[in-house]
Amino acid sequence: MRPCSENYNILGHKTIFHDYSFWDNEIKFANNVANYLTSMWRYKDGNNRSLIENEEAIYTLTSSIAISSDRIYASAVCFDRNKFQARRQFCPYAFKNSSGDPLIVRDLGRFNDYLTPHYVQMKQDNNTYIKHKFIWWHVGKKYLSNATQLQQNTVYFDKNLDYLATNGLNVSALNGEYFNITSKYIPVSFGKWTTPYYDCFGGITWVISYLVPFFDEADKYL
């Protein structure tokens, strides 16, 4: 048996766990990250790119998840086709390992095609890419393609927050005035668990993954 020949998933999609309460805190943390990405994606720079649509922000977020708990072995923040800076793939993956390094972070999308479900080898730009069956990604793709069925949350911001940034401490002129932002949020019940599968790209070990989607300002799956 060669598990890494195609990201081996020995149990298919059968349910083998019925109680995931051991990871309650980690589930909530992952859900909060998804809601953060969903709520922040609407804020754009001068080039109409999200303020968090940069490598440093996503790499840092991914590594922060991995080191947040001893019960988390690895974490990934992966984007669908052409969703991040118009790249076909972008998927920072942070994992712990036994070689003494505290954490390793790499982009799974550089030399692996996680968007394609079949295992083949291909060459492009003098690089060899391996197309694996990325079980966790394709389980996650079973989500709705948009967020129309998600719940909404409205936050009211004191306009003095903007006024202070440009006009100093004199806040009396705008006291009591607010603007609001309504965004979708992902309930904890929306998460999905995979069955155990073999991690061929990090610690080379068996893992299970908890998956949470996040969306852009048009409620489209990222």
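The model shown is predicted, which means the values in this text are computed figures rather than measured ones.

Student: Run through the pattern of salt bridges, naming residues and quoting values.
Tutor: Any two side chains of opposite charge can pair, on the condition that their charged atoms come close. Counted under the stated rule, the structure contains three salt bridges. Here Arg-87 makes a salt bridge to Glu-55, at a shortest N to O gap of 2.2 Å. Placement of Arg-87 in the loop between strand S1 (74-76) and strand S2 (92-95) and of Glu-55 in helix H2 (residues 55-66) is noted, with a sequence separation of 32 residues between them. Overall, Arg-87 belongs to the partly exposed group, its relative accessible area being 25%.

Student: Any details on unusual backbone geometry? Residues and values, ideally.
Tutor: One non-glycine residue, Asn-82, lies in positive phi territory at about 65°. The topology assignment puts Asn-82 in the loop between S1 and S2. With a phi angle near 50°, Gln-85 is a residue other than glycine that sits in the positive phi range. What makes Gln-85 partly exposed here is its relative accessible area of 22%.

Student: Which residues make up the state of the cysteines, and what are the values?
Tutor: Taken as a whole, this structure holds one disulfide when the rule is applied. The partner cysteine of Cys-78 in its disulfide is Cys-91, sulfur to sulfur 1.8 Å. Here the residue Cys-78 occupies a position in the loop between S1 and S2, and Cys-91 occupies one in the loop between S1 and S2, the gap between them amounting to 13 residues. For the residue pair Cys-78 and Cys-91, the accessibility class agrees, reading buried in each case.

Student: Give a description of the packing of helix H1 (residues 24-40) against H2 that names residues and reports values.
Tutor: The contact between H1 and H2 brings their axes to 11 Å, and the two run at 165°. Overall, the two elements H1 and H2 adopt an arrangement that is roughly antiparallel. For H1 against H2, the interelement crossing comes out right-handed. Contacts between H1 and H2 involve Phe-29, Val-33 and Leu-37 from the former and Ile-58, Leu-61, Ser-64 and Ile-65 from the latter. Of the residues that constitute the contact of H1 with H2, the class distribution is six nonpolar, one polar and no charged.

The rules behind each value
Residues numbered from 1 in each chain as written. Predicted model: local features only at pLDDT ≥ 70, side-chain atom pairs only at ≥ 80, totals over all residues. Heavy atoms only, no water. Salt bridge = Lys/Arg side-chain N within 4 Å of Asp/Glu carboxyl O. Helix = DSSP H or I, 4+ residues; strand = E, 2+ residues; numbered from the N terminus. Buried < 20%, exposed > 50% of the residue type's maximum accessible area, 1.4 Å probe, protein only. Disulfide = S-S within 2.5 Å. Axes fitted to C-alpha atoms, helices over the stretch in contact; angles between N-to-C directions. Parallel < 35°, antiparallel > 145°, perpendicular 65-115°, else oblique. Left-handed = near helix turned anticlockwise from the far one by under 90°. Contact = heavy atoms within 4.5 Å. Nonpolar A, V, L, I, M, F, W, Y, C, P; charged D, E, K, R; others polar.

These values are about where atoms sit, not about what they do.
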